[in-house]
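Each chain, written out:
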Amino acid sequence: MSNQNIKTGAVLTSGGDAPGMNAAIRAVVRTANSLGLECYGVREGYNGLIHGDFTKMGPRSVKNIINEGGTILKSARSSEFKTAEGRAKAFENCKKHNIDALVCIGGDGSFTGAKVFNEEFGLPVIGVPGTIDNDIFGTDNTIGYDTALNTAMEAIDKIRDTATSHNRVFFVEVMGRDAGFIALNSGIATGALDILIPEQKDSMEELFGTFRKAEKVGKSSSIVVVAEGEKLGNIYDLAKATKDEFPNFDIRVAVLGHIQRGGSPSCADRVLASKMGYGAVMGLVDGKSKVMVGVKSNRLIYTPIEEAIKKHNEIDKDLLKISEILAM
């Protein structure tokens with residue numbers, strides 16, 4: 001079934017920003033244009049919908065942005081959109097601009113908002129997964145994940161240079177509040193001694209055991225990569241407990257923080273975002289709604305938003321095993 005009723009669409013970015021969001025905006029705007037559809041950009045996510053901050057976009061509005069990090073439409077968390085009044089205001093603004101469909105680029109919080117909005121007002125919505133955490137079900141990778149991984153890897157490589165020069169132990173915190181994808185993959189890529197992630201039951205005893213093993217085989221400098229959502233405790237507590245156990249260790253802590261969100265998107269993220277932006281518009285025109293566009297095994301697929309929010313990408317068990325074997 002195709003939806004010939006769609007004449008005007010709107011695109012917004014919501015939640016945490018991720019490199020590649022601009023490439024997705026560009027793909028949405030240019031695909032819409034190629035089909036003869038009008039397209040609006042909404043500034044500051046759902047806040048912009050509520051305050052009527054719409055800007056008409058054509059193919060030239062998105063020139064020279066594919067290589068830029070962040071999002072030209074800006075992003076914000078919107079508490080007002082969580083209220084029925086806020087959403088009603090947002091819908092009024094959509095009607096005022098004759099908007100027939102909405103593309104929402106963001107994470108699961110953004111998708112929850114889109115789903116409720118669709119259920120209340122019947123406006124077709126499609127989600128595009130943009131988050132560095134890679135924790136959304138229904139796609140192999142989310143937009144921004146590959147870039148964040150490479151940023152983390154390059155930073156940890158530089159930290160390793162100084163760790164090796166001084167026989168230091170570095171605890172490096174990477175992003176991932178509920179998911180260890182960045183920690184696990186950047187840890188393997190940089191030869192980390194240990195990787196602590198929220199998905200695993202880690203214990204201090206195991207961590208100390210790893211350090212003892214490393215001492216036995218003559219490893220003098222080490223990197224431990226910690227996801228920010230690690231259940232054992234925050235990175236400073238981990239470092240302190242380790243220092244108490246091994247007083248002769250020279251221990252340092254590095255928190256990579258928001259550098260992982262920024263930067264020019266990698267080739268993989270630009271291509272992925274371009275595919276997904278195109279897939280979102282094509283899906284809407286094809287009559288799809290309340291789904292998220294994803295790419296699995298290089299094919300565009302659509303997953304009900306409900307499922308994308310509920311389920312989570314699983315950590316690869318083989319990779320956990322590999323990280324342990326290759327660390328020593």
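Residues numbered from 1 in each chain as written. Predicted model: local features only at pLDDT ≥ 70, side-chain atom pairs only at ≥ 80, totals over all residues. Heavy atoms only, no water.

Asker: Explain the nonpolar core to me, using residue names and the numbers behind them.
Answerer: In this structure, V103, I105, V128, V174, I182 and L256 are the most contacted members of the largest nonpolar core, which totals 60 residues. Considering each element in turn, this core owes the most residues, 8 residues, to helix α5 (residues 145–166). Once you skip the residues sitting within four places of it in the chain, I105 turns out to touch V11, L12, T13, S14, M21, A24, I25 and V128. In terms of nonpolar packing, the next biggest core, distinct from the first, is built from 24 residues, A10, V42, I50 and C104 among them. (Core = buried A, V, L, I, M, F, W, Y, C linked by side-chain atoms within 4.5 Å. Buried < 20%, exposed > 50% of the residue type's maximum accessible area, 1.4 Å probe, protein only. Helix = DSSP H or I, 4+ residues; strand = E, 2+ residues; numbered from the N terminus. Contact = heavy atoms within 4.5 Å.)

Asker: Describe the sheet that holds strand β2 (residues 38–42), listing the residues and the values that go with them.
Answerer: Spatial strand order, β3-β2-β1-β4-β5-β10-β11: 7 strands in an open sheet with mixed pairing. Of all the strands in the sheet, just β3 (54–56) and β11 (299–304) have a single pairing partner and so form its edges. Averaged over all adjacent pairs, the angle separating strand axes in this sheet is 30°, with direction ignored. With 5 bridges joining them, strand β1 (residues 8–13) and strand β4 (residues 101–106) adopt parallel strand pairing. Within β4, the residue paired with A10 across the bridge is L102. Here helix α1 (residues 21–34) sits on the sheet in contact with β1, β2 and β4, set at roughly 165° to β4. The strands touched by helix α4 (residues 108–121) within the sheet are β4, β5 (125–129) and β10 (291–296), with β4 carrying the most contacts at an inclination of about 165°. (Pairing = 2+ DSSP bridges. Axes fitted to C-alpha atoms, helices over the stretch in contact; angles between N-to-C directions.)

Asker: So what about the sheet that holds strand β8 (residues 222–227)? Which residues, and what values?
Answerer: Spatial strand order, β7-β8-β6-β9: 4 strands in an open sheet with parallel pairing. The two strands at the open ends of the sheet, each matched to only one other strand, are β7 (194–196) and β9 (250–255). Averaged over all pairs of adjacent strands, the angle between strand axes in this sheet comes to 20°, irrespective of strand direction. Sitting on the sheet, helix α6 (residues 181–189) is in contact with β6 (168–174), β7 and β8, with an inclination near 175° to β7.

Asker: Residues and numbers for the packing of aromatic side chains, please.
Answerer: Under the defined criterion, the tally for this structure stands at 12 aromatic pairs. Taking 6.5 Å as the distance between ring centres and 85° as the angle between the ring planes, the aromatic pair formed by Y145 and F181 counts as edge-to-face. In this pair, Y145 is assigned in helix α5 and F181 in helix α6, connecting sequence segments 36 residues apart. There is no split in this pair, since Y145 and F181 are both buried. For the ring pair F208 and F246, a centre distance of 5.8 Å and an interplane angle of 80° mean the geometry is edge-to-face. Of this pair, F208 sits in helix α7 (residues 204–216) while F246 sits in the loop between α8 (235–245) and β9, placing them 38 residues apart in sequence. Neither residue differs from the other here; F208 and F246 are each classed as buried. Here a set of aromatic residues connected by ring pairs shows up, and it is made of Y46, F81, F91, F117 and F121. (Phe/Tyr/Trp six-rings, centres within 6.5 Å; stacked < 30°, edge-to-face > 60°.)

Asker: Could you give an account of helix α3 (residues 84–96), naming the residues involved and the relevant values?
Answerer: End to end, α3 covers 18 Å across 13 residues, agreeing with the expected 18 Å (1.5 Å per residue, within 8%). Taken together, the buried positions of α3 are occupied by G86, R87, A90, F91, N93 and C94. Viewed end-on, α3 has its buried residues packed into an arc of 160°, placing them on one side of the element. Facing away from the buried side of α3, by more than 90 degrees, are the exposed residues E85 and K96. As for α3, its buried residues are in contact with α2 (45–51), β3 and α4. Within two residues after α3, N98 carries a phi angle of roughly 55°, on the positive side. (Expected span 1.5 Å × (residues − 1). Arc of directions from axis to C-beta.)

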